Amino acid sequence: MIGIIGIGSMGGAIARGLIAAGTAPGEVVVSSADVQAAARFVEETGAKLAYSNVDLLERAGEGAIVVLAVKPYAVGGVLDEIREAAARHGSVIVSVAAGTPIEFLESHLEPGQPVVRTMPNMAAAVGASVTAYACNAPAAPRADDVASVLASIGIAEPMAEQDFSAFSAIAGCSPAFTFGYIDAMARAAVKNGLPKAVATRIAAQAVYGAAKLLLEKLDAGASAASLADAVQSPGGTTVAGVVELEQAGFGAAVVRGVQASIDRDGELLG
């Protein structure tokens, strides 16, 4: 059994992803403060409904992975609530809440509790997240099991917790950068006669295709730079555009934007 506390956008995406990936609906047990939403979710998916967060841990059983998908402000209270049950069952507590380090999670649980901090991004809603995860020492033997759960919403990358700020910038913040890039390309096409909706769809598909191609060729030794070079014929249209972007500071602006996000994350963490 896999337990999911909270079935909002992220918890719901994980539950649906697990079921779509082949987990039997009856092996997914959920709980939510919103009883009506929980009832609708269970009716739609076939997942099992727990009547409380503690009941969820009891139903999930020994050594179960329990995903904590509640708002960051609620994390401490929920962990206090399930503390005894989690210790009794040896549950692996997996948090998807932003800004909640392992040290904080451990402080609300019994010593030795397996804890995993994760950071999905908004593409989890379409099964295309990249999710960082870091385990405390007791959770390390279950890292592969946790990665399998996270793979239901995209890909999972093990990461040292001190690297989460950099990850957040290039995975959590970057969708906003990418949407801005797509919109800018679409506006340029509108300037030259294409309807905005058509231009946006074309630009979005082009970005998706480029990213998919890179991911498929990484293991063969390709890089983003090498694939970019492959598209640029001498004296052609692509290299003309690339040079113009470089002269306008495109690459430097991206680096500055990512760094600003990393720096701000550090400020917020204190």
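Refer to the structure printed above.
Everything quoted here is computed from the prediction, not taken from an experiment.

**Things to note about the packing of aromatic side chains**
Then, in step 1: This structure, assessed with the given rule, holds one aromatic pair.
Then, in step 2: Judged by centre distance (6.2 Å) and plane angle (45°), the rings of Tyr181 and Phe250 are tilted. Separated by 69 residues along the polypeptide, Tyr181 in helix α7 (residues 164-191) and Phe250 in helix α11 (residues 250-269) bring together distant segments of the chain.
Then, in step 3: Taking the relative accessible area as the measure of exposure, Tyr181 reaches 36% and is therefore partly exposed.
Then, in step 4: Its relative accessible area of 39% is what places Phe250 among the partly exposed residues.

**Notes on the environment of Thr23**
Then, in step 1: Secondary-structure assignment places Thr23 in the loop between α1 (9-20) and β2 (28-31).
Then, in step 2: Separated by 129 residues in the primary sequence, Thr23 and Ser152 have C-alpha atoms spaced 9.7 Å apart.
Then, in step 3: Among all residues touching Thr23, those that are not within four sequence positions of it are Leu18 and Val28.

**A few points about α11**
Since there are 3.6 residues in each turn of an α-helix, residues three or four apart along the chain are aligned in direction.
Then, in step 1: In this model, α11 (20 residues) spans 29 Å end to end at C-alpha, consistent with the 28 Å of a helix rising 1.5 Å per residue.
Then, in step 2: After α11 finishes, the residue Gly270 shows a positive phi value of roughly 80°.

**Things to note about the packing of helix α3 (residues 53-60) against helix α4 (residues 75-89)**
The relative placement of two packed helices is expressed as an angle between their axes plus a distance between the axes.
Then, in step 1: For the pair α3 and α4, interaxial distance at closest approach is 9 Å and the crossing angle is 20°. Judged by the angle between their axes, α3 and α4 are roughly parallel. Crossing of α3 over α4 shows right-handed handedness. Touching Asn53, Val54, Leu57 and Glu58 of α3 are Val78, Glu81, Ile82, Ala85, Ala86, Arg88 and His89, all from α4.
Then, in step 2: Of the residues contributing to the contact of α3 with α4, the split by class is six nonpolar, two polar and three charged.

**A few points about the layout of surface pockets**
Then, in step 1: If you add up the space inside the second largest pocket, you get close to 910 Å³.
Then, in step 2: Along its surface, the second largest pocket is lined by 44 residues, and Met10, Ala69, Val70, Lys71 and Val96 are the ones closest to its centre.
Then, in step 3: Those elements that place two or more of their residues in the lining of the second largest pocket are α1, α2 (35-45), β6 (115-119), α7 and α11.
Then, in step 4: Along the lines of polarity and charge, the residues of the lining of the second largest pocket split into 26 nonpolar, 14 polar and four charged.

**A look at the side chain of Ser165**
Then, in step 1: Relative to the helices and strands, Ser165 resides in helix α7.
Then, in step 2: A relative accessible area of 17% places Ser165 in the buried class.
Then, in step 3: Ignoring anything within four residues of it in the chain, the contact list for Ser165 reads Ile262, Asp265 and Leu269.

**What to know about the nonpolar core**
Then, in step 1: Membership of the largest hydrophobic core comes to 29 residues, with the highest contact counts inside it found for Ile4, Ile14, Val30 and Val67.
Then, in step 2: At the level of secondary structure, the elements contributing two or more residues to this core comprise β1 (2-5), α1, β2, α2, β4 (65-68), β5 (92-95) and α6 (143-150).
Then, in step 3: If you tally residues by element for this core, the top one is α6, at five residues.
Then, in step 4: Sequence-distant contacts of Ile14, that is, excluding residues within four places in its chain, are made with Ile4, Val67, Val96, Val149, Ser152 and Ile153.

**Thoughts on a nonpolar patch on the surface**
Then, in step 1: On the surface, a nonpolar cluster with roughly 340 Å² of combined accessible area is contributed by Tyr181, Leu245, Phe250 and Val254.
Then, in step 2: Assignment of secondary structure puts Val254 in helix α11.
Then, in step 3: Judged by its relative accessible area of 41%, Val254 is partly exposed.

**What to know about the pattern of salt bridges**
Then, in step 1: Counted by the stated rule, this structure contains nine salt bridges.
Then, in step 2: For the salt bridge of Glu58 with Arg88, the shortest nitrogen-to-oxygen distance reads 2.3 Å. Separated by 30 residues along the polypeptide, Glu58 in helix α3 and Arg88 in helix α4 bring together distant segments of the chain.
Then, in step 3: Accessibility expressed as a relative area gives 34% for Glu58, which makes it partly exposed.
Then, in step 4: Arg88 sits in the partly exposed class, given a relative accessible area of 48%.
Then, in step 5: Residues Asp183 and Arg187 are paired through a salt bridge, measuring 3.2 Å at the closest nitrogen-oxygen approach. In this pair, Asp183 and Arg187 both sit in helix α7, four residues apart, roughly one turn of the helix.
Then, in step 6: A relative accessible area of 30% places Asp183 in the partly exposed class.
Then, in step 7: In this structure, a network of salt bridges that share partners links the residues Asp183, Arg187 and Lys196.

**Comments concerning α7**
Then, in step 1: Helix length check: α7 (28 residues) gives 39 Å between terminal C-alpha atoms against 40 Å at 1.5 Å per residue, within 8%.
Then, in step 2: The sharpest bend along α7 measures roughly 60° and falls at Ser174, with the proline Pro175 sitting one to four residues further on.
Then, in step 3: Tucked into the core, α7 has its buried residues touching β6, β7 (129-135), α8 (196-217) and α11.

So, how was this worked out
Residues numbered from 1 in each chain as written. Predicted model: local features only at pLDDT ≥ 70, side-chain atom pairs only at ≥ 80, totals over all residues. Heavy atoms only, no water. Phe/Tyr/Trp six-rings, centres within 6.5 Å; stacked < 30°, edge-to-face > 60°. Helix = DSSP H or I, 4+ residues; strand = E, 2+ residues; numbered from the N terminus. Buried < 20%, exposed > 50% of the residue type's maximum accessible area, 1.4 Å probe, protein only. Contact = heavy atoms within 4.5 Å. Expected span 1.5 Å × (residues − 1). Axes fitted to C-alpha atoms, helices over the stretch in contact; angles between N-to-C directions. Parallel < 35°, antiparallel > 145°, perpendicular 65-115°, else oblique. Left-handed = near helix turned anticlockwise from the far one by under 90°. Nonpolar A, V, L, I, M, F, W, Y, C, P; charged D, E, K, R; others polar. 1 Å grid on protein atoms, 1.4 Å probe; cavity = no way out; pocket = protein on both sides within 12 Å on 5 of 7 lines; lining within 4 Å. Points joined across faces, edges and corners; volume = space filled by probe spheres on them. Core = buried A, V, L, I, M, F, W, Y, C linked by side-chain atoms within 4.5 Å. Patch = residues over 30% accessible without salt bridge, like charges linked within 9 Å, V, L, I, M, F, W, Y side chains within 5 Å. Areas by Shrake-Rupley, 256 points an atom, 1.4 Å probe, with all protein chains shown as cover. Salt bridge = Lys/Arg side-chain N within 4 Å of Asp/Glu carboxyl O. Bend = angle between axes of the 7 residues up to and from the residue.

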